Amino acid sequence: MSDFKLLAGSDPANNPVGVMTEGIGKPLRKVELSTDGGDVTVVVETAILAASLVNQDPTGLGVPLQVTLGDAQVTDYFSLDAAGALTCLQTDEYTLRAKFTVGRENSSGESEIYTRGLINGVAVGDTSHTIIDNARTEIPFDFEANGMLTQGDVVTFEIVRNTTGNDSGGLRVGVPAVAGWNTSPSVRLLISRFAAVAT
């Protein structure tokens, strides 16, 4: 995933620009123009929002589990299937934010849980590592990334129990007993994009 796009108005003064640079030593890049002309306001648009309301546990040590993200859905920008695969429908630069809750219950020993993101089956960014040595523990953590996705790219996430740890632990959902409080998902994903809107 690459740097963010450049946005500008499509008035005659900006039309000849064509390409710009982000600074000294940076390459020239195309400028995305507003479709309606004039000055623009940059807005953040939700490309897809998904969440899983079930526990997710790998089976055995060293066996990755593809993380699911709730019900299948389709937006203008992404298609999500029930297995958790996100297919990009429009080439653009996106910001991805996810929250995972790693935990276990009624277990002993030390669990080592790893989580990672993949694009087209290839790991991207850092792997997240969680160690659990109590019988009942839940630890939320955030995952963030931004950059270019091309139409047809498939984004997935995996969780695995490390081979040197205890065979326990996974992603945990929280269901409050307090009336009127919503369920805390085991994983929540928000992908957004920047757009130039004429003002």
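Report on the accompanying structure. Since the structure is predicted, the reported quantities are computational estimates derived from the model, not experimental observations.

1. Remarks on the overall build of the chain
On a plain count of helices and strands, the chain comes out with 0 helices and 15 strands. Here the chain holds 199 residues, and the buried ones make up 38% of them. Within the chain, counting contacts between residues at least 6 apart in sequence, those at least 24 apart form 72% of the total. Carbon together with sulfur atoms contributes 52% to the accessible area of the chain, which is approximately 10600 Å² in total.

2. Re the pattern of salt bridges
Within the structure shown, the criterion is met by 7 salt bridges. We note a salt bridge from arginine 193 to glutamate 45, for which the minimum N-O separation is 2.7 Å. Within this pair, whereas arginine 193 is found in strand 15 (residues 187-198), its partner glutamate 45 is found in strand 4 (residues 40-52), the two being separated by 148 residues in sequence. Ionic pairing is found between arginine 161 and aspartate 57, a salt bridge with its closest N-O pair at 3.6 Å. With a gap of 104 residues between them, arginine 161 in strand 13 (residues 154-161) and aspartate 57 in the loop between strand 4 and strand 5 (65-66) connect regions that are remote in the sequence. You can call arginine 161 buried: its relative accessible area is 8%.

3. Description of the environment of glycine 152
Along the chain, glycine 152 turns up in the loop between strand 12 (137-149) and strand 13. Residue class for glycine 152 comes out partly exposed when judged on its relative accessible area of 42%. Along the sequence, glycine 152 and cysteine 88 sit 64 residues apart, while their C-alpha atoms lie 5.3 Å from each other.

4. Section: the side chain of arginine 104
Mapped onto the elements, arginine 104 comes out in strand 9 (residues 92-104). Despite its burial, arginine 104 pairs with no opposite charge, the nearest such side chain being aspartate 133 at 6.2 Å. One polar contact links the side chain of arginine 104 to the main-chain carbonyl oxygen of serine 108, over a distance of 3.3 Å.

5. With respect to the side chain of aspartate 153
Within the fold, aspartate 153 resides in the loop between strand 12 and strand 13. Given the relative accessible area of 14%, aspartate 153 is considered buried. A polar contact of 2.8 Å, which involves the side chain of aspartate 153, links it to the backbone nitrogen of threonine 150. Discounting residues that sit within four places of it in the chain, aspartate 153 has contacts with Leu86, Thr87, Cys88, Ile119 and Asn120.

Criteria and cut-off values
- Residues numbered from 1 in each chain as written.
- Predicted model: local features only at pLDDT ≥ 70, side-chain atom pairs only at ≥ 80, totals over all residues.
- Heavy atoms only, no water.
- Helix = DSSP H or I, 4+ residues; strand = E, 2+ residues; numbered from the N terminus.
- Buried < 20%, exposed > 50% of the residue type's maximum accessible area, 1.4 Å probe, protein only.
- Contact = heavy atoms within 4.5 Å.
- Areas by Shrake-Rupley, 256 points an atom, 1.4 Å probe, with all protein chains shown as cover.
- Salt bridge = Lys/Arg side-chain N within 4 Å of Asp/Glu carboxyl O.
- Lys, Arg positive; Asp, Glu negative; His and termini not counted.
- Polar contact = N/O pair within 3.5 Å; in protein donor to acceptor, adjacent residues only side chain to side chain.

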